[in-house]
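# Understanding the architecture of this molecule
This is what each chain is made of:
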Amino acid sequence: MRAGFGIPFGSYVLTKRLARGGMAEVFLARQRGPEGFDRRVALKRILPHLSDSADFVRMFLAEARLAARLSHSNIVHIYEFGKAADDYFIAMEYVDGVSTGQLIQHAGHEPIPPALVARIGADACAGLNYAHRLKDADGRPLEIVHRDVSPQNLILSFDGMVKIVDFGIAKAVAHTEQTRPGVVKGKYAYMSPEQTIGKPLDGRSDVFSLGLVLWELLAGRFAVDRGDPAEAMRAIRDGRLPPIETVRRDVPPQLAWALGRALRVDREQRADAAELGVGFEEYIKASPVMGTAMELAEWTRRRFPRASTGAFEAMGDTTAQAAASTGTGASPRTRVGSDSGAATLAPWGVETGTDT
């Protein structure tokens, strides 16, 4: 679809397809209404092979309703979910910025200042903590867990705002695959130790996954080897991730200590999102380098011309575009094993079965 070619879709007009993956395609769209109302949105349209699954649709609607309740400055807001013709969709806040996957690639040749990585971490923790602690109208915890905190789901706007994408969708997809024994769902390179062995998850799983993303932002390289998915998951499970201070010598001890708390294998010893966020904020306050959102925005704008970026390409989970943005040169998908539901290797991890 070409930019500017308006295609009606319910109450929206699709203007440009940003990305397409195994679960959905994402469009830049405009929502128009009375009295000149006009809003730019990202519209994620679920692909037909999932829309035809009654189990997925039921779980998707339940999770979308839950995700729509999230209202926090560090979480991409869902405006609407529904159905147009035969297509289920989510209309969400459009973020003009870059994905942390693009930042990780950049960090390979220009290290990101530690205080700015800490700002990304602190703001992501604020969003995660809000979601993890959210309660219903009767005061009962909703026990929301993202399950897929990874570079394509963590976006930085050109205004310096950190945005978490796709709450609830990972659970809906995983639910439809529960009948496939022995297949672990998710992106293996950003799983928590408990996720690699199929244990029940709580918010501390998201904290570990965030820790892996932040480790890569500081190191400018992948945290685990992508060559063998099973071995990578064993490395995460067994805690064989090098301490960040041994990989990047200029990381201050206070920041390294906070990140180390996020990456504890034993989740009972791991920080939760609130504790980790406090650790990052304390480091930022003590740092001689300012770690404000304005500083983060200025650093980002100088290095990423607006015309060449596409953070919401990640929201479509398009692995070919992800390969381009990470600079890995990897093929979009390399099949691992012969079963059609087995893991598929992508630049940022293994997507097992259906993309999330």
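Provided above is the structure to which this section pertains.
Overview of the structure. Residue indices follow the written sequence of each chain, beginning from 1 at its first position. Reporting in this predicted model follows two pLDDT cut-offs: at least 70 for local features of residues, and 80 or more for side-chain atom pairs to be given and counted; totals over whole chains, interfaces and linings ignore these cut-offs and use all residues. As a rule here, side-chain values cover all heavy atoms of the structure and leave hydrogens and water aside.

## Points about the nonpolar core
Rules: The nonpolar core is taken to be a set of buried Ala, Val, Leu, Ile, Met, Phe, Trp, Tyr and Cys residues, with the residues joined through side-chain atoms within 4.5 Å. Any residue under 20% of the maximum accessible area for its type is buried, any over 50% is exposed, and the rest in between are partly exposed; the area is computed with a 1.4 Å probe on protein chains only. The contact rule is simple, with two residues in contact once any of their heavy atoms fall within 4.5 Å.
Leu 103, Phe 167, Leu 210, Leu 217 and Phe 280 are the most contacted members of the largest nonpolar core, which has 84 residues in total. Not counting chain neighbours up to four residues away, the residues in contact with Phe 280 comprise Ala 118, Gly 121, Ala 122, Cys 125, Leu 214, Leu 255, Ala 258 and Leu 259. If you look at the next biggest cluster of nonpolar residues, it comprises ten residues, including Tyr 12, Ala 29, Leu 43 and Phe 89.

## Here we look at the packing of helix α7 (residues 203–219) against helix α10 (residues 253–262)
What counts, and what does not: Orientation is described by axes fitted as lines to C-alpha atoms, over the contacting stretch for helices, and by angles from 0 to 180 degrees between their N-to-C directions. The helix count covers DSSP runs of H or I at least four residues long, the strand count covers runs of E at least two residues long, and both are numbered beginning at the N terminus. For classification purposes, an angle smaller than 35 degrees is called roughly parallel, one larger than 145 roughly antiparallel, one from 65 to 115 roughly perpendicular, and anything else oblique.
Where α7 meets α10, the axes come as close as 8 Å, and the angle between the chain directions of the two elements is 140 degrees. As the angle between them shows, α7 and α10 are arranged oblique. Contacts between α7 and α10 involve Val 207, Phe 208, Gly 211, Leu 214, Trp 215 and Leu 218 from the former and Leu 255, Leu 259 and Ala 262 from the latter.

## Remarks on α10
Every buried residue of α10 is listed here: Leu 255, Ala 256, Ala 258, Leu 259, Arg 261 and Ala 262. Looking at the buried positions of α10, the neighbouring elements they touch are α4 (114–133), α7, α9 (244–247) and α11 (273–286).

## Examining the pairing of strand β3 (residues 24–32)
Definition in use: Two strands qualify as a pair provided DSSP detects at least 2 bridges between them.
Most of β3 sits out of view: seven of its nine residues are buried. Bridge analysis of strand β2 (residues 12–20) against β3 gives seven bridges, and the strand direction is antiparallel. Considered in β3, the bridge of Lys 16 is made with Leu 28. Hairpin geometry of β2 and β3 is characterised by an intervening segment of three residues between the two adjacent antiparallel strands. As paired elements, β3 and strand β4 (residues 38–46) share nine bridges and run antiparallel to each other. Each bridged residue has a counterpart across the sheet, and for Gln 31 the counterpart in β4 is Arg 39. What sits between the antiparallel neighbours β3 and β4 is a turn of five residues, in which Glu 35 has the positive phi angle 55 degrees.

In short, geometric facts, not functional conclusions.
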